[in-house]
Amino acid sequence: MRTRAGAGEDGTIGTGRRAVLAAVSANLALGIPAVVPFGLAWWLVTEYLPMDCRSTADLSDPGLRNCNHTTLDHADIVLFLLVVTGVLLVGAVAVIDGVLPGRERRGLWLRAALLVPVPFAALLALTVHGGS
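Residues numbered from 1 in each chain as written. Predicted model: local features only at pLDDT ≥ 70, side-chain atom pairs only at ≥ 80, totals over all residues. Heavy atoms only, no water.

**Q** Looking at this model, I keep getting lost on the nonpolar core. Mind explaining?
**A** Across soluble globular proteins, nonpolar side chains show a tendency to be buried alongside one another. Counting 9 residues, the largest nonpolar core is built from Leu40, Leu44, Tyr48, Met51, Cys53, Leu72, Ala75, Val78 and Leu82. Elements with a contribution of two residues or more to this core: α2 (35–48) and α3 (69–99). Element by element, the count of residues in this core is highest for α3, at 4 residues. Core analysis: the next-biggest nonpolar cluster, separate from the first, contains 5 residues, Ala23, Leu108, Trp109 and Ala112 among them. (Core = buried A, V, L, I, M, F, W, Y, C linked by side-chain atoms within 4.5 Å. Buried < 20%, exposed > 50% of the residue type's maximum accessible area, 1.4 Å probe, protein only. Helix = DSSP H or I, 4+ residues; strand = E, 2+ residues; numbered from the N terminus.)

Rendered as structure tokens:
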């Protein structure tokens, strides 16, 4: 019986080059839809949390300068979508990196899960530096 290069005795690929490539490419591909929850979390941290107000009643307070009505209007839906897409992302990462790989390859796939935020980081870097 012929085995593939880098394969074990049973013909399976353990932690060879193809296994690493599969784990890296799967997690980078998973990072593309992960842009949605990461983007929502980024909005929460950069737009909503720095505001001085938390409700529309605070808009009439003259002492508050950093209060945006539009941000307050969008906060509920953004938080809801962040929870929904975040749960879906965590579930997808758990299934793809924890359940599907065999026991001997699970460590490799879990380490490759660190690459999931890379597409969002690249997009963020392009947007921040592109606007300068």
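**Q** For this particular structure, what's the right way to read a nonpolar patch on the surface?
**A** Together, Ile77, Phe80, Leu81, Val84 and Leu88 give the surface a local cluster of nonpolar side chains, amounting to about 460 Å² of exposed area. With respect to the helices and strands, the residue Leu88 is situated in helix α3. Judged by its relative accessible area of 58%, Leu88 falls in the exposed class. (Patch = residues over 30% accessible without salt bridge, like charges linked within 9 Å, V, L, I, M, F, W, Y side chains within 5 Å. Areas by Shrake-Rupley, 256 points an atom, 1.4 Å probe, with all protein chains shown as cover. Salt bridge = Lys/Arg side-chain N within 4 Å of Asp/Glu carboxyl O.)

Spatial relationships are all this shows, so hold off on functional conclusions.
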